[in-house]
Structures are given as structure tokens and as C-alpha cells.
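Fold and geometry: a report
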Amino acid sequence: DQLTRFGRLLNCFCLERKHRWATRYATEIQNTSRAASTSLLSEVLCHQVANLSAPDAFKFEVGLINGRPAPKKTRGLILRAVELEDHGADDEAQLDVQVATKSRFSSLGFCHTNDVVLVKDGEGFVAGRVMLHCAVNGITMAFIKPFKLRRRLANTAVALWDVSDEQEVFEAKDILAAVEYCVYPSGRVGTLLPIEFNS
């Protein structure tokens, strides 16, 4: 309704992933007694407190979140893409290659694998799907399949994109925002542009 009336939609989706926690615990509840809601709330609250107790819970620097060493095949793919040569396992100069399912691109934002994001492209931006988050010797990058802008719907925050099979490597700091999107039957992707990019 707000999009139709005002042509703009504020980004209110930042907590949508929290629904997964409630779903995770609600699915297991068999006895739906009068205390079922209290039990579910307790489980989700405990989950949240455990997450806040993690050592890096309040780390807001650009970088991987819960990074881990890259598997051998993925390591080779990453190093070829960034045109670096892998050294032997005994070599002290061996590159540190990490991967993760999510990374922080600014102090205020992070994204997951398969999210659609806006990325700096010259003076403007382009949308694309994140295929892999990685870091080589502390430099955080993302493998992204950039989309080609088809058109922007007049007086709205909607942009339509054609999907590409090509992949490019971007530094995480070049990601501007994760956006809400839908895939149409034609395969084209529609995104809602945040208000700061909708001009």
C-alpha cells in the first residue's frame, strides 16, 4: 500500500531472518498447551542471548562473519579468480584463504550467500546475486553474478534486471546494500531500491 501510494518503501526487512528462529523451535512443539507461547518465547530468547554472548557479536568491521578455511577446490577457484598463485603447504608465505556464508560490508550491513545486493559500478550501481563470500589475507571479497538493468518503473522504487551467468569478484566494501527481490516467471529479477538509491 505504501509503495503504491508514495512510490517509495522504507527498508523494514532487517529483522525478517529472525523469523527462522521462531520457526525452528515452533516446529518441534508437539504439546500445544496454554504455555506453548511462553515456551517458544523462552527458546527464542535463549537463542538470542547465546548469539549476543559470542566473542564477535559486537564486531562491526568489514569482513567475514564466522569465517573458516576454504576447502581445497574452493581455495583454488578463489585464487585463480583473483590471479594469485597458491604456495605449497610448507611454505611460510602460504595465503590465508577463508570462506563464510555471510559477511559484513559496512558497520551497518551484512549479507548472506544468495542474497541480491547493490554494488558500486563506476559512478552508479548494479544489482547482483552473491555466490560466495571469501577473504584472502584479510581482504574480504564476494563472488557476484551482476544483473543488467532492464528498466526502472516510473514513480516507484522498483527496478527490473536481466540475469547474467557471468561472475565477477568485488571487494565487500563495494557492496552498498542488500535488497528485497522477487524472481518473475520470465527469469527477470525485480528489486526494491532503498530510498537513498531511488532517484
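Refer to the structure presented above.
Residues numbered from 1 in each chain as written. Predicted model: local features only at pLDDT ≥ 70, side-chain atom pairs only at ≥ 80, totals over all residues. Heavy atoms only, no water.

1. A few points about the sheet that holds strand β4 (residues 102–106)
Taking strand neighbours across the sheet as the criterion, the three strands line up as β1-β4-β5 in an open arrangement whose pairing is antiparallel. With partners counted over all chains shown, the strands left at the sheet margins are β1 (63–65) and β5 (109–112), one partner each. Each adjacent strand pair in this sheet contributes to an overall mean axis angle of 35 degrees, direction not counted. The pairing of β4 with β5 spans four bridges and is classified as antiparallel. Bridging from a neighbouring strand, R104 pairs with F110 of β5. (Pairing = 2+ DSSP bridges. Helix = DSSP H or I, 4+ residues; strand = E, 2+ residues; numbered from the N terminus. Axes fitted to C-alpha atoms, helices over the stretch in contact; angles between N-to-C directions.)

2. As for the packing of helix α2 (residues 19–26) against helix α3 (residues 36–52)
Direction vectors running N to C along α2 and α3 enclose 130 degrees, while the axes themselves pass 9 Å from each other. For the element pair α2 / α3, the angle class is oblique. Crossing handedness for the pair α2 and α3: right-handed. Note on element contacts: α3 touches α2 through L40, E43, V44, H47, Q48 and N51, opposite W21, A22, R24, Y25 and A26. (Parallel < 35°, antiparallel > 145°, perpendicular 65-115°, else oblique. Left-handed = near helix turned anticlockwise from the far one by under 90°. Contact = heavy atoms within 4.5 Å.)

3. Here we look at the sheet that holds strand β13 (residues 181–183)
Spatially, four strands are ordered β9-β10-β14-β13 in an open sheet, and the strand pairing comes out antiparallel. Two strands in the sheet have a free side with no partner beyond their single neighbour: β9 (148–152) and β13. The sheet shows a mean angle of 25 degrees between the axes of neighbouring strands, direction not considered. Relative to strand β14 (residues 189–192), strand β10 (residues 158–162) runs antiparallel, the two being bridged by four bridges. Paired with A159 across the strands is T191, a residue of β14.

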